Structures are given as C-alpha cells and as structure tokens.
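Observations on chain architecture
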Amino acid sequence: MTRPKVLLVDDNQELLALLARLVETEGWVPVAVGKGRTAIDRIGSEKPAAAVVDVLLPDMMGYDVAAALRKAGIPFVFMTGVFKGGRAASDAKGQHGALAYFEKPFEAKKLVEALRSMVPRAPASAASPAPPPPAPPAEDQSDFDVEVAVEAEEPVEAIELTGRVVVEEGGVAAVLSGEKLAAAPVATPSRLVAAVARPPAVRPTPRPRPPPTDLSRPEGRLEENLPELITAFHLAQQTGELTLQKGKVKKTLYFEKGRPCFAISNLVNDRFGPFLVRVGKISLPQLEIVQAAADQSGKRTGEVLVEMGLLKEEEKIYYVAQQVKAIVYSLFGWEEGQYRLHFADRAAGEAVKLDLHPANLIARGVKKLYKPERLLSLLSPDERLVPAPEPAYALHDVELERWEAEMLPRVDGTKTVAELVALARRPEHVVYAFLYAMLSVKLLDRT
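No experiment lies behind these values; they were computed from the predicted model shown. (Residues numbered from 1 in each chain as written. Predicted model: local features only at pLDDT ≥ 70, side-chain atom pairs only at ≥ 80, totals over all residues. Heavy atoms only, no water.)

Quick notes on the environment of Glu335
Secondary-structure assignment places Glu335 in the loop between α11 (313–330) and β14 (338–342). Along the sequence, Glu335 and Lys246 sit 89 residues apart, while their C-alpha atoms lie 9.5 Å from each other. Ignoring anything within four residues of it in the chain, the contact list for Glu335 reads Leu222, Glu223, Glu224 and Arg374. (Helix = DSSP H or I, 4+ residues; strand = E, 2+ residues; numbered from the N terminus. Contact = heavy atoms within 4.5 Å.)

Spelled out as structure tokens, the structure:
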C-alpha cells in the first residue's frame with residue numbers, strides 16, 4: 001500500500017525541511033512547496049491525504065489554497081505568524097474549513113497530532129512497513145563526539161564572549177556572571193592535537209555514550225541559512241539537533257522546545273581543555289598533565305581539573321557554559337557546508353545546559369562573526385529595507401543597543417542602506433551587521 005502524502009506549503013524553506021522530516025518520521029511522504037500556485041497544481045498531481053498551509057504566501061493568500069483543498073475534499077490545517085487571535089482562528093475554521101489553526105511559534109508535536117487525525121490509517125492486514133532509511137556511511141556509523149578529534153581545516157578565529165551565562169543544572173536555572181572572555185585565535189593547533197587527540201589509553205570505567213545521530217540524510221547545503229535553521233526550530237518549538245558539517249569538522253547544536261541549549265564539536269580546539277587554554281585559564285603544559293591523568297583514570301577533563309585544584313566546581317560550570325557558547329557562535333563563521341536534522345532529545349542527558357534565546361543568539365552571532373566583506377556581499381548599498389510582514393520574533397525578544405533602537409524605526413523603505421549608514425554615524429560594517437542581523441531574525445525584510 002502506498003504511503004499517504006502530506007502537502008506542506010510555506011515560503012520558509014528551512015521550516016519546510018523541518019516539517020518534512022517530522023512528516024517522514026510518521027511514515028508519510030512530505031510534498032513541500034513554497035508558493036500557493038505550485039501547491040494548487042500539486043493537489044491534483046500528488047493527491048495528498050492532508051495539508052498544512054501557511055496563511056501568508058508570497059504569491060497569494062493561503063485561503064486560496066484552502067479553497068482548492070476543500071474542492072478536492074482534502075482536510076487541512078493553517079499556520080500563521082501574522083493573523084493571530086481568536087477571531088482569526090474562528091474565521092479560518094468557520095469560513096475556510098481548516099480543522100486546526102496554529103500560530104507561530106507552535107508546538108510541532110501538536111501539529112503532528114492534528115495530522116494523525118486527518119491522515120487515514122492503513123488497515124493492519126494491508127499495511128506494508130515503511131522502507132528503512134538508508135544505512136549511514138561508514139564514517140558516520142558512530143556518534144561523532146568521540147575520542148578521535150580532528151584538527152581545524154583552517155585557522156580558528158578569536159571569539160569574544162560575554163561574561164554572563166544563564167545555565168540550567170539538574171532542572172534549576174541560574175545566572176552566572178564573570179568578566180568578558182576572549183578566546184584567542186589558533187593558527188597552528190598541532191601542539192593541542194598532541195595533547196588532546198592522541199589515541200586514548202584503556203579506561204577502567206568508560207562513560208556510556210549516547211545513541212548515534214543519523215547523519216545519513218543531508219537536508220541541504222549551508223548557504224547563509226543558519227539563522228533560518230535556528231528559527232525553524234523556534235517556530236516549531238521543536239526538540240532535537242541541528243548538525244552542521246564542513247569537511248571533516250562536525251558540530252551539533254541541541255534544541256529543547258525551540259531554544260538552543262547545548263553544542264558539541266569534534267574539533268580539537270573546541271574541547272574543554274583546549275578552550276581553557278584559549279581563554280588563558282590554564283597553560284598548555286597544564287593541559288598535557290590533565291589530559292594524561294584523564295586518560296589513565298577515565299574521568300572527564302573538568303573533573304580532573306577540579307581534583308588538581310586548577311578549577312573550582314562553580315568555575316567548571318561557568319567555563320563549560322562558555323565553551324558551549326563558543327562552539328555555538330563559531331557556527332556563524334561558516335559560510336558553507338551541509339546541515340542535517342535529528343529529533344532525539346540528547347540534550348536531556350547533559351548536566352549543564354544553556355538558556356539561549358534564539359533571536360539574541362542570531363543577532364549577536366551575525367554582528368560578531370560576520371566579516372565586513374561577507375556583509376558587503378549580502379547587502380547592497382542601494383537596497384531598501386522594510387519592516388517584515390511576518391516577523392519570526394517580537395521586537396522585545398532582541399536586545400538592542402541604544403543607537404540600534406533609534407535606527408530601527410527609520411528603516412521603513414524610504415532610505416537606502418547607504419543612507420542609513422550615513423545617518424547612523426557608525427562604521428559601515430557595524431551598521432551593515434546590525435541591518436543584516438535584523439534581516440536574519442526577520443524583523444526586517446527586503447523590498
């Protein structure tokens with residue numbers, strides 16, 4: 001028996017990729033499209049069993065797609081980031097025939113539950129199991145957070161980290177404050193590789209390892225869409241993982257109900273010991289001693305550092321949080337690669353988790369990690385920007401400097417980017433970074 005198809009209609013390609021993967025996990029076939037006209041055409045050719053339609057589409061209103069779905073007898077639900085409130089929901093159901101109405105951000109699991117009520121179940125005798133996913137390549141058979149680390153394929157750049165971190169340990173949230181940290185650049189990581197990435201000794205008490213991440217299904221290429229991928233998790237309030245890969249380097253960002261909370265990396269310089277060297281907390285000779293003790297005892301580097309008196313217990317939590325932040329922010333320096341989605345809740349197994357608001361993460365990542373030449377290639381001085389018709393975040397979600405808050409109301413489509421730079425009286429790349437950050441969190445849009 002053929003598997004049911006679910007039509008997904010939204011112009012946010014990253015959200016479509018996330019919803020498509022959720023649909024696949026249910027054993028259905030996703031049909032993802034970005035425009036209303038295309039969706040109407042696919043109704044006849046694909047004959048979906050159900051549909052999810054965004055109300056505001058680039059070429060028409062989702063209500064027009066809904067009319068075609070009703071005519072074809074196909075049940076559907078709406079999702080929207082603009083038309084909110086009880087009146088909009090009641091009109092969507094009463095006038096347009098939607099079976100449910102989801103305001104962004106929404107819990108994706110509730111959307112899936114609504115789809116389950118619409119998609120017909122196959123009879124037990126006639127149902128055929130969904131084909132198993134393709135086996136992962138040999139290099140991806142085990143989780144990549146393993147003892148065999150990799151060197152950087154290019155120099156690791158400096159990262160400035162704020163001294164304030166919000167962490168959760170054992171279900172209790174706390175704010176830890178310290179001085180701003182500057183993680184020094186690493187041009188030649190060979191000594192760190194010798195200290196950290198050598199073959200480990202046999203450990204008497206190996207730590208249990210979490211189940212491997214399925215890296216066999218690349219959702220797409222990383223091409224300036226990291227902010228949109230983070231926002232997709234936010235809009236769907238989804239728990240899971242976003243894995244990015246560039247060459248041999250792999251980093252995974254964990255989400256809990258749409259909020260980034262942890263990150264891991266197989267890069268030597270991202271590990272806890274080398275990170276402490278980069279921020280000047282310990283020296284490289286001290287790291288070599290600590291690593292040797294960790295290899296013999298099977299203990300984590302942080303535990304050994306505390307036992308040796310090089311870190312206090314509360315300092316360990318603070319620096320682990322800063323290490324995770326450094327991994328997360330480093331991703332904004334990537335301009336290419338591949339991304340994959342996975343919906344396991346491995347973050348639940350971490351003792352220390354961050355509490356990062358995705359809007360602030362994106363805004364700060366763009367402003368701190370995007371180089372001037374990159375920004376100049378992404379924004380033209382002749383472009384005009386306007387407030388986004390369907391913002392992904394509320395304005396109060398983003399922390400702005402005073403000059404940024406004063407500049408934002410002036411971005412109304414009447415002035416070019418070059419004119420806004422002149423008005424701001426700030427260095428060009430600083431203004432470009434602010435404007436592109438606002439585009440990235442979808443508070444602004446291009447005309």
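Considerations on the sheet that holds strand β11 (residues 240–246)
If you trace the 5 strands from one edge of the open sheet to the other, you get β10-β14-β11-β12-β13, paired in antiparallel fashion. Strands with a single pairing partner mark the edges of an open sheet, and in this sheet they are β10 (220–221) and β13 (259–265). Sheet topology places strand β12 (residues 249–256) next to β13; 6 bridges connect them, and they run antiparallel. When the bridges of β13 are listed, Thr252 appears paired with Ile264. Each of β12 and β13 touches α11; the most contacted strand, β13, lies at about 90 degrees to it. (Pairing = 2+ DSSP bridges. Axes fitted to C-alpha atoms, helices over the stretch in contact; angles between N-to-C directions.)

Looking at the nonpolar core
A general trend in soluble globular proteins is that nonpolar side chains are found buried together. Within the largest apolar cluster, 119 residues are counted, with the highest numbers of intra-cluster contacts made by Leu242, Tyr319, Phe332, Leu435 and Met438. The leading source of residues in this core is α11, at 10 residues. In this structure Met438 touches Ala363, Val398, Leu400, Leu408, Leu443 and Leu444, once residues within four positions along its chain are discounted. (Core = buried A, V, L, I, M, F, W, Y, C linked by side-chain atoms within 4.5 Å. Buried < 20%, exposed > 50% of the residue type's maximum accessible area, 1.4 Å probe, protein only.)

Considerations on unusual backbone geometry
Cis rather than trans, the peptide bond between Lys104 and Pro105 has omega equal to -5 degrees. As for its position among the elements, Pro105 is in the loop between β5 (101–103) and α5 (108–118). One non-glycine residue with positive phi stands out, namely Glu224, at about 60 degrees. In this fold, Glu224 is placed in the loop between β10 and α7 (226–236).

What about the packing of aromatic side chains?
The description of an aromatic ring pair uses the distance of the two centres, along with the angle that the planes make with each other. Tallied over the full model, the rule gives 9 aromatic pairs. On the numbers, 4.1 Å between centres and 5 degrees between planes, the contact of Phe233 with Phe255 is stacked. With Phe233 in helix α7 and Phe255 in strand β12, the pair connects residues that are 22 residues apart, well separated along the chain. Take Phe233 and Phe255: they sit in the same class, and that class is buried. Seen from their ring centres, Tyr318 and Tyr319 are 5.2 Å apart, and the 80 degrees between their planes marks the pair as edge-to-face. Its end group placed over the ring of Tyr329, Arg364 keeps NZ or CZ at 5.5 Å from the ring centre. The residue whose ring lies beneath Arg374 is Tyr370, and the NZ or CZ to ring-centre distance is 3.6 Å. (Phe/Tyr/Trp six-rings, centres within 6.5 Å; stacked < 30°, edge-to-face > 60°. Lys NZ or Arg CZ within 6 Å of the ring centre and 35° of its normal.)

These values are about where atoms sit, not about what they do.
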